[in-house]
Amino acid sequence: MRRIIVALGTTATGLVLLFTWPTSWNRPVTGPGQATALGGAGTSQGTAATGASSNGSGSTAPVTSTVDGAVVQTPYGNVQVRLTVTDGSVTAAEAIAYPDRGGTDVQISNYAIPILSQEAVQAQSATIDMVSGATFTSRGYIQSLQDALDQANL
Amino acid sequence: MTRTAPDRRAWVEQIMGMPISVHVRGAGARDAATARAVESVFADLRAADAMFSTYREDSQIRRLQRGEIALADCSTAVREVWLLCGTALERTDGAFDAWAAVPGSPGTFDPTGLVKTWAVTHAAGHLRALTGLGFALGAGGDILVQTGPDQTPWQIGIEDPRDTHRVLATVPVADGGVATSGVAARGQHILDPRTGEPATEILSATVIGPSLLWADVFATAAVARGASAVDWVQGLHGTSGLLMLTDGTVHRWSNAP
């Protein structure tokens, strides 16, 4: 299910990107006023748009530039896409803004796996906001660390 | 901590026989709207208790258990929880079994192991609706958190089941849930559905993930599963956590999504 949720999230983002794609695609991408020259070899990271790319043309060094699409409002939130263009062909596309309405979208966009510390410590020596444990009861709670944390913030 | 800490406030109430703690952090911590949202959280949890408590003879769950009403007669909430329990049974390969949770009464539906985090997840909607605030909602040792605009994660300590003045680990959580289950939680036992006997091999299981409800289901399933959970948790994509076995061995994991 976790995988399904991630897949759905990816699909939703993918759909958003797909819907916004034509807007970005039809934009003039090599105008010197809007594009940022990177120089050097093309750094292709994306996969969505690399199918039609061909950057080994002739003897001149490839010219690579990037262009940012407009921020597009969608039902899922704002989306903005950055294209990398090499010799007039799109060699990479990445989303530089994702839906960020909150709730589930934030979870999908931002969720990073929290890493547990390695050592057990005395509770009072650690900086802790809340305690997770299986021994909580209303009675035992009176002496519990969570109680102290609550008291400190009441 | 030289910079100014964000404004914080905390509330505690005893509901469902356990302490419910709400901590908020951010500019609106002392707003009246925040206090009202917290009151709504507590009210929702009391309503869920009235509907699902197995200690109240007039609750829908007790009437369902006695056969006085059918599932179709129950509220949408009860039917939703029934479906979630079915999904939990599948996702845990039978280790989380709401139809095998009552000692000596196989087949009786008791969703208590899922109701708490289900209710907390719904009730937290009142806090999610607030802008500019992060919150941590703790319900008897299971915690749901969301960061505010400052994106500072909440620091969660994981209690040592042998000594509640020690924490086995700390973990920063920005958005998601931390759930811990143990062999003697709240004086009740988690049954191994395969034997019907209390599970004894794992002292406590903590699961951290984007969903508190599923973190809790997996933590309970890990305890029911026993020592084989050490391998089983490796398949819980997008979670991290910690198992303490009866002999004191601690097993940590952190799985990519």
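Here, every reference points to the structure presented above.
The residue count restarts for each chain, going from 1 along the sequence in the order it is written. To read the labels, note that chains go from A and ligands from 1, taken in the order they are written. Under the rules for a predicted model, residues below a pLDDT of 70 receive no local features and side-chain atom pairs below 80 are neither given nor counted, while totals for whole chains, interfaces and linings still include all residues.

## With respect to the overall build of chain A
Now for step 1: Elements are defined by DSSP. Helices are runs of H or I of four residues or more, strands are runs of E of two residues or more, and each kind is numbered from the N terminus. A count of helical and extended segments in chain A gives 4 helices and 7 strands.
Now for step 2: Taken from N to C terminus, the helices and strands of chain A fall in the order α-β-β-β-β-β-α-β-β-α-α.
Now for step 3: Each of the 154 residues in chain A was classed as buried or not, and the buried ones make up 27%.
Now for step 4: Taking all contacts inside chain A whose residues are at least 6 apart in sequence as the whole, residues at least 24 apart take part in 56%. Comment: burial labels come from other C-beta atoms within 10 Å of the residue's own C-beta, placed from the backbone, where a count of 20 or more is buried, 12 or fewer is exposed, and between is partly exposed. Each residue gets a C-beta atom placed from its backbone, and two residues are in contact if those atoms lie within 7 Å.

## Description of the overall build of chain B
Now for step 1: What chain B contains, in helices and strands, is 7 helices and 10 strands.
Now for step 2: Here the radius of gyration uses the C-alpha set of atoms, whereas the globule reference equals 2.2 Å times the residue count to the power 0.38. Here the C-alpha radius of gyration of chain B, 18 Å, is about what a compact globule of 257 residues would show, namely 18 Å.
Now for step 3: Projected onto its principal axes, the C-alpha coordinates of chain B cover approximately 55 × 45 × 30 Å.
Now for step 4: Taken over 257 residues, chain B has a buried fraction of 49%.
Now for step 5: Pairs at least 24 apart in sequence give 54% of the contacts found in chain B among residues at least 6 apart.

## Considering helix 4 (residues 112–123) of chain B
Residues and elements named next belong to chain B.
Now for step 1: What a helix should span is 1.5 Å times the count of its residues minus one. Taking 1.5 Å as the rise per residue, helix 4 with 12 residues should run 16 Å; its terminal C-alpha atoms sit 17 Å apart, in good agreement.
Now for step 2: Taken across its 12 residues, helix 4 has 9 buried, putting it largely inside the fold.
Now for step 3: Taken residue by residue, helix 4 has G113, L114, V115, K116, T117, W118, A119, V120 and A123 as its buried positions.

## With respect to the environment of B:G107
Now for step 1: Relative to the helices and strands, B:G107 resides in the loop between helix 3 (76–91) and helix 4.
Now for step 2: Along the backbone, B:G107 and B:W232 are 125 residues apart, and their C-alpha atoms lie at a distance of 25 Å.

## Description of the sheet that holds strand 1 (residues 8–15) of chain B
Residue and element names in this part refer to chain B.
Now for step 1: Overall, antiparallel pairing links the 8 strands, which are arranged 1-2-3-4-7-8-9-10 in an open sheet. With one partner strand each, in any of the chains shown, strand 1 and strand 10 (250–254) form the two edges of the open sheet. Each strand of the sheet is rotated relative to its neighbour by a mean of 10°, with strand direction disregarded.
Now for step 2: Only strands that DSSP links by at least two bridges are regarded as paired with each other. Summarising the sheet, strand 7 (residues 176–182) and strand 8 (residues 202–209) pair through 6 bridges and their orientation is antiparallel. Note that in strand 8 the partner of G177 across the bridge is G209.
Now for step 3: Running at roughly 20° to strand 1, helix 1 (residues 32–52) makes contact with strand 1, strand 2 (18–26) and strand 3 (133–139) of the sheet. What counts as an axis is a line fitted to C-alpha atoms, over the stretch in contact for a helix, and the angles between N-to-C directions run from 0 to 180 degrees.

## What to know about the packing of helix 1 of chain B against helix 4 of chain B
Residue and element names in this part refer to chain B.
Now for step 1: Across the interface, helix 1 lies against helix 4 with an axial gap of 9 Å and an inter-helix angle of 145°. At the point where helix 1 passes helix 4, the crossing takes the right-handed sense. Only V115, A119, H122 and A123 of helix 4 make contact with helix 1, whose side of the interface consists of V41, D44, L45, A48 and F52.
Now for step 2: Asp, Glu, Lys and Arg are counted as charged, while Ala, Val, Leu, Ile, Met, Phe, Trp, Tyr, Cys and Pro are counted as nonpolar; the rest, among them Gly, fall into the polar class. A breakdown of the residues in the contact of helix 1 with helix 4 according to their chemical character gives 7 nonpolar, 1 polar and 1 charged. Throughout, a crossing is termed right-handed when the near helix is turned clockwise from the far one, and left-handed when it is turned anticlockwise from it by less than a right angle.

## Regarding the nonpolar core
Residues and elements named next belong to chain B.
Now for step 1: If you look at the biggest cluster of nonpolar residues, it comprises 82 residues, and the most contacted ones within it are L137 and A222.
Now for step 2: The element contributing the most residues to this core is helix 6 (residues 212–225), with 11 residues.
Now for step 3: The residues touching A222, leaving out its near neighbours within four places in the chain, are I202, A205, A229, W232, V233 and L243. Take the buried Ala, Val, Leu, Ile, Met, Phe, Trp, Tyr and Cys residues, join any whose C-beta atoms are within 7 Å, and the set you get is a nonpolar core.

## Some remarks on the packing of helix 3 of chain B against helix 4 of chain B
All names here are of chain B.
Now for step 1: At a minimum axis distance of 10 Å, the contact between helix 3 and helix 4 shows a crossing angle of 115°. When the axes of helix 3 and helix 4 are compared, the crossing they make is right-handed. Side by side, helix 3 and helix 4 meet where V81, L84, C85 and A88 of the first sit next to L114, V115 and W118 of the second.
Now for step 2: Taken together, the residues that form the contact of helix 3 with helix 4 break down as 7 nonpolar, no polar and no charged.

## Some words on the sheet that holds strand 6 (residues 121–122) of chain A
Now for step 1: In spatial order, the strands read 6(A)-6(B)-5(B)-7(A); together these 4 strands make up an open sheet with mixed pairing. Strands at the two margins of the open sheet, each flanked by one partner only, are strand 6 and strand 7 (130–132) of chain A.
Now for step 2: Across 2 bridges, strand 6 of chain A lies against strand 6 (residues 163–173) of chain B in antiparallel orientation. Across the sheet, residue A:V121 finds its bridge partner in strand 6 of chain B, namely B:V167.

## Overview of helix 3 of chain B
Residues and elements named next belong to chain B.
Now for step 1: With 16 residues, helix 3 ought to run about 22 Å at 1.5 Å a step, and its terminal C-alpha atoms sit 22 Å apart, in line with that.
Now for step 2: Listing the buried residues of helix 3 in full gives V78, V81, C85 and A88. What you see down the axis of helix 3 is that its buried residues fit within an arc of 75°, all on one side. Pointing more than 90 degrees away from the buried face of helix 3 are the exposed residues T76, L83, G86 and E90.
Now for step 3: For helix 3, the secondary structure elements touched by its buried residues are helix 1, helix 2 (60–65), helix 4 and helix 6.
Now for step 4: Within two residues after helix 3, D93 carries a phi angle of roughly 55°, on the positive side. In this description, one arc is meant: the one made by directions from the helix axis to the C-beta atoms.

## A few points about the environment of B:L242
Now for step 1: Positionally, B:L242 belongs in strand 9 (residues 240–245).
Now for step 2: The class for B:L242 is buried, based on 23 C-beta atoms found within 10 Å.
Now for step 3: Residues B:L242 and B:S228, spaced 14 residues apart in sequence, show a C-alpha to C-alpha distance of 14 Å.
Now for step 4: When neighbours within four sequence positions are excluded, B:L242 is seen to be in contact with A:L116, B:I158, B:L168, B:A169, B:T206, B:V250, B:H251 and B:R252.

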